[in-house]
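Survey of secondary and tertiary structure
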Amino acid sequence: MSSPHIKSAVVSAALTALDEGRTPERAVYREAVRTLLTVLAERSPGRSVEVRVPPYGAVQCLPGPRHTRGTPPNVVEMAPATWLALATGRLSWAEAVTDGRVQVSGNRADLSDHLPL
């Protein structure tokens, strides 16, 4: 299922820069990351897992026990380039975890059923 967000100009611009070996402009990178995090939160609503892509954003998603204070028990964290690759299907969840490009903690911190977007 394709999303208009995946095809958005800001996501395309960020992916083009990365494909060319450049770091996207900060504003473009931030907006692309946040756009795709929003899609994840909309498609997989809940508050049991926190997905962090520093320094640009974080969302809570996936149904299950709600977390409200302190460090969440289920956390997924990665670099912006990794997030864009996972969200758009350029990188598989298994490969990202195996390669250490994604840090996961908690028994619910598996996004393989929710990616790519």
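Quick caveat: nothing in here was measured; it's all calculated off a predicted structure.

Some thoughts on the packing of helix H2 (residues 26-43) against helix H3 (residues 80-87)
Where H2 meets H3, the closest approach of the two axes is 10 Å, and the angle between their N-to-C directions is 45 degrees. By the angle between their axes, H2 is oblique relative to H3. Classified by chirality, the crossing of H3 by H2 is left-handed. Along the contact surface, H2 presents Tyr 29, Ala 32, Val 33, Leu 36, Leu 37 and Leu 40, while H3 presents Pro 80, Ala 81, Trp 83, Leu 84 and Ala 87. Per-class residue counts for the contact of H2 with H3 are 11 nonpolar, no polar and no charged.

Here we look at the sheet that holds strand S2 (residues 57-61)
Taken in spatial order, the four strands of this open sheet run S2-S1-S3-S4, and their pairing is mixed. For this open sheet the edge positions go to S2 and strand S4 (102-105), each flanked by a neighbour on one side alone. Pairs of neighbouring strands in the sheet enclose a mean axial angle of 15 degrees, with direction left out of account. Sheet topology note: the strand S3 (residues 75-78)/S4 ladder contains four bridges and is antiparallel. Bridge pairing links Glu 77 to Gln 103 in S4. Running over the sheet, H3 touches strand S1 (49-53), S3 and S4 and is turned about 110 degrees from S3.

So, how was this worked out
- Residues numbered from 1 in each chain as written.
- Predicted model: local features only at pLDDT ≥ 70, side-chain atom pairs only at ≥ 80, totals over all residues.
- Heavy atoms only, no water.
- Axes fitted to C-alpha atoms, helices over the stretch in contact; angles between N-to-C directions.
- Helix = DSSP H or I, 4+ residues; strand = E, 2+ residues; numbered from the N terminus.
- Parallel < 35°, antiparallel > 145°, perpendicular 65-115°, else oblique.
- Left-handed = near helix turned anticlockwise from the far one by under 90°.
- Contact = heavy atoms within 4.5 Å.
- Nonpolar A, V, L, I, M, F, W, Y, C, P; charged D, E, K, R; others polar.
- Pairing = 2+ DSSP bridges.

Note that every value here comes from positions in space, so none of it alone points to a role or purpose.
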